[in-house]
Amino acid sequence: MKYAMLVCVPVEETGDDADFGPYLAAARGHVTGTTRLRPASEATTVRAEGGEVLLSDGPYAETREVIAGVDLVEAPDLDAAIALASLHPAVLGGGAIEIRPVWK
């Protein structure tokens, strides 16, 4: 089963000093893609209202956490994906991982 793991960190967290060693060792063979995202302050939000396209700069919602990256994972089931996510530096550093099954 494929899962997207949305890496959520506190807004003020940079994540540059995180130790990815244990996560990467466990993730070998399971992670099929990964990327870090630029800061939410560089985001552009696109919406449509009444046939008009509306743009806003930066994060749309006031939140305490932002999505800092995405990992695509192959795991036999949700329990295996949870076990892998529990080793991620974001989780160990006070952030969270949102796990979502990917449509086939």
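All values reported here derive from a predicted model rather than from experimental measurement. (Residues numbered from 1 in each chain as written. Predicted model: local features only at pLDDT ≥ 70, side-chain atom pairs only at ≥ 80, totals over all residues. Heavy atoms only, no water.)

Chemist: I'm lost on the environment of Val66 in this one. Help?
Modeler: By the secondary structure assignment, Val66 is in strand 5 (residues 65-74). Those residues in contact with Val66 that lie beyond four places of it in its chain are Val7, Cys8, Val9, Val11 and Ala40. (Helix = DSSP H or I, 4+ residues; strand = E, 2+ residues; numbered from the N terminus. Contact = heavy atoms within 4.5 Å.)

Chemist: How do you make sense of the sheet that holds strand 5 when you look at a structure like this?
Modeler: One open sheet holds the four strands; their spatial order is 2-5-1-6, and the pairing between them is antiparallel. In this open sheet, the two strands that pair with only one neighbour each are strand 2 (31-36) and strand 6 (96-101). Here the average twist between neighbouring strands, direction ignored, is 20°. Packing of helix 2 (residues 78-85) onto the sheet brings it into contact with strand 1 (2-10), strand 2, strand 5 and strand 6, and relative to strand 6 it is tilted by some 155°. (Pairing = 2+ DSSP bridges. Axes fitted to C-alpha atoms, helices over the stretch in contact; angles between N-to-C directions.)

Chemist: What am I meant to see in the pattern of salt bridges here?
Modeler: Side chains carrying opposite charge are able to pair once their charged atoms draw close together. On inspection of all chains with the given rule, the structure shows three salt bridges. We note a salt bridge from Lys2 to Glu74, for which the minimum N-O separation is 3.8 Å. Highlighted residues: Lys2 in strand 1 and Glu74 in strand 5, separated in sequence by 72 residues. Linking Glu42 and Arg38 is a salt bridge whose minimum nitrogen-to-oxygen distance equals 3.0 Å. By relative accessible area, which is 47% here, Glu42 ends up partly exposed. (Salt bridge = Lys/Arg side-chain N within 4 Å of Asp/Glu carboxyl O. Buried < 20%, exposed > 50% of the residue type's maximum accessible area, 1.4 Å probe, protein only.)

Chemist: When you look at helix 2 in this model, what are you seeing that I'm missing?
Modeler: Quick reminder: α-helices carry 3.6 residues per turn. Residues three or four places apart thus point the same way. Among the residues making up helix 2, those that are buried are Ala81, Leu84 and Ala85. An end-on view of helix 2 places all buried positions within 100° of arc, on one side of the element. On its buried face, helix 2 sits against strand 1, helix 1 (21-27), strand 2, strand 5, helix 3 (89-92) and strand 6. For helix 2, the capping residue at the N-terminal end is Asp77, with a side-chain oxygen 3.2 Å from the backbone nitrogen of Asp79. (Arc of directions from axis to C-beta. Polar contact = N/O pair within 3.5 Å; in protein donor to acceptor, adjacent residues only side chain to side chain.)

Chemist: Help me understand the confidence of the model for the protein in this model?
Modeler: Low-pLDDT stretches of the model should not have their predicted coordinates read in fine detail. Mean pLDDT for the protein: 84, with 88% of residues reaching 70 or above. Considering each helix and strand of the protein separately, the mean pLDDT is smallest for helix 1, with a value of 82, and largest for helix 2, with 94. (pLDDT = per-residue confidence, 0-100.)

Chemist: Got a minute to help me understand the pairing of strand 3 (residues 44-49) in this structure?
Modeler: In regular strands, side chains alternate between the two faces of the sheet. Inspection of the sheet shows strand 3 paired to strand 4 (residues 52-57) by six bridges, in the antiparallel sense. Bridge pairing links Thr45 to Ser56 in strand 4. In this antiparallel pair of consecutive strands, strand 3 and strand 4, the connection spans two residues, and Gly50 shows a positive phi of 60°.

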